[in-house]
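Residues per chain are reported as follows:
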There are 2 protein chains.
Amino acid sequence: MRRNKKERQALLTATINENPFVTDEELAEKFKVSVQTIRLDRLELSIPELRERIKTVAEKRFEDEVRSLPLDEVIGEIIDIELDQSAISIFDVKEEHVFKRNQIARGHHLFAQANSLAVAVINDELALTAKANIQFKRSVKLNERVVAKARVSKIDENIGRTFVEVTSYVNNELVFTGDFEMYRSKTN
Amino acid sequence: MRRNKKERQALLTATINENPFVTDEELAEKFKVSVQTIRLDRLELSIPELRERIKTVAEKRFEDEVRSLPLDEVIGEIIDIELDQSAISIFDVKEEHVFKRNQIARGHHLFAQANSLAVAVINDELALTAKANIQFKRSVKLNERVVAKARVSKIDENIGRTFVEVTSYVNNELVFTGDFEMYRSKTN
DNA sequence: CTACTCTTAGTACCTAGTCATAAGATCTCG
DNA sequence: CGAGATCTTATGACTAGGTACTAAGAGTAG
């Protein structure tokens, strides 16, 4: 395992990259050099210490979590709402929403925006989607901003259903339409 | 901010849970008690020290890095697939997928599972959803396992469309159906 | 042989703790 | 009101996994 400096440093980078949880002591053993040498190497390669490495990994996870949590609330940001009437939300298409191959947004994100807007517009504790009829008019690309508009078209108190039409646009160009039949509780 | 022990410990747990990157010193300041008190609290509540907390967060990220890649591709786990024929995926409903109020899964997750399965079953580089007609037959609850089955019903080479029917079940009980009209590129 | 790089060693210091002990502060109950 | 229990704070010794700096020996090239 004893190699020259260059080789060792290359391997060191690779090793730490693969497993950032490795200590200097373990690395020293692996490469049969002293701990100090490892530290000099890290210094030269500007690789931070174990704790810093772990911290950045943890922080990244945390960031991701924050991004994935709004997936639990409303997809997109509601910018206007009149209960039982209409609502508007915007949704910015980021890396994590598109197919890597062609940068086109996955359909379920557009659906999610529209569906959660349909849920939000209903003035009720409990609103669930019963049926939906949707059309993807044109594909949405990375970094585009989707504006979804929901309009309540009919409220049928008898069968406890509310009908919501959602249309989504990118730069005033229609990209998605959906007719949602929403179930609403009669508990209020 | 000075409270009795019970209150403080409850808040402490919540605070650390929300932001595991907080040190004992910061917590001491926040609750206007000494660092030692915070340490006794952590001991009683068996909350590990900062570095251990950060480490477990980082380790989790590392573990599900492998899992999160397919998760970004397909919602749910594909357990069987025959391209251009049929496919099956399972999706376990967790905390983050349900409405807090009633523990019912948000519709867009069921849609996402079905939609991404419809995308996956198509033997093509580029498959996009053009239209979909969906019905939520009964609500799905927390911790239920949804099995989605996709079946390709028709391939129209002329207009470049593939029709996929997806049915989702919980314990053999139908919870969701969807008819997807998928756009497929003619490039291959 | 000298000059240079590379490697190793050692010391002081740091953070964010643990563990144990002791003592002061508060509360509770008889 | 006072004694005992509980809670809080302080102190000291020790830990991992480092940084920063100085110093010295080994190996090699010119």
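Residue indices follow the written sequence of each chain, beginning from 1 at its first position. As a convention, the first chain written is A and the first ligand written is 1, with the rest following in written order. pLDDT decides what is reported in this predicted model: residues at 70 or higher carry local features, side-chain atom pairs at 80 or more are listed and counted, and totals for whole chains, interfaces and linings draw on all residues regardless. By convention in this description, side-chain values take in all heavy atoms of the structure and omit both hydrogens and water.

Here we take up the overall build of chain A. Working definition: helices are DSSP H or I runs of at least four residues, strands are E runs of at least two. Numbering for both runs from the N terminus. Of the regular secondary structure elements, chain A holds five helices and six strands. Beginning at the N terminus, the succession of helices and strands in chain A can be written as α-α-α-α-β-β-α-β-β-β-β. Looking at chain A as a whole, 43% of its 188 residues are labelled buried. Note on definitions: a residue-residue contact is assigned when non-hydrogen atoms from the two residues lie within 4.5 Å. By sequence separation, contacts in chain A at least 24 residues apart represent 61% of the contacts at least 6 residues apart. All accessible areas in this document rest on Shrake-Rupley with a 1.4 Å probe, and a residue is counted as covered only by the protein chains that are shown. When the accessible surface of chain A is split by element, carbon and sulfur atoms take 48% of a total near 10200 Å². When accessible area is computed with a 1.4 Å probe and restricted to protein chains, residues below 20% of their type maximum are described as buried, those above 50% as exposed, and intermediate ones as partly exposed.

Simply put, an axis is a line fit to the C-alpha atoms, just over the touching stretch for a helix, and the angle between two N-to-C directions goes from 0 to 180 degrees. The contact between helix 5 (residues 107–121) of chain A and helix 5 (residues 107–121) of chain B brings their axes to 9 Å, and the two run at 160°. By the angle between their axes, helix 5 of chain A is roughly antiparallel relative to helix 5 of chain B. Considering the relative orientation of helix 5 of chain A and helix 5 of chain B, their crossing is right-handed. In this structure, helix 5 of chain A contributes A:Gly107, A:His108, A:Phe111, A:Ala112 and A:Asn115 to the contact, and helix 5 of chain B contributes B:Gly107, B:His108, B:Phe111, B:Ala112 and B:Asn115. Residue polarity follows a fixed list, in which Ala, Val, Leu, Ile, Met, Phe, Trp, Tyr, Cys and Pro are nonpolar, Asp, Glu, Lys and Arg are charged, and the others, Gly among them, are polar. Its residues assigned to classes, the contact of helix 5 of chain A with helix 5 of chain B comprises four nonpolar, six polar and no charged. Geometric relationships in this document are graded by angle, where less than 35 degrees denotes roughly parallel, more than 145 denotes roughly antiparallel, 65 to 115 denotes roughly perpendicular, and other angles denote oblique. Should the near helix be turned counterclockwise from the far one by less than a right angle, the crossing is left-handed, whereas a clockwise turn marks it as right-handed.

Residue and element names in this part refer to chain B. For Asp84, which is not glycine, the phi torsion reads 65° and is therefore positive. Mapped onto the elements, Asp84 comes out in the loop between strand 1 (77–82) and strand 2 (86–92). Residue classification places Asp84 among the partly exposed positions, given a relative accessible area of 21%. The phi angle at Asn143 is positive, at roughly 75°, despite the residue not being glycine. As for its position among the elements, Asn143 is in the loop between strand 3 (127–136) and strand 4 (145–156). Of the residues examined, Asn143 reaches a relative accessible area of 66% and is grouped as exposed.

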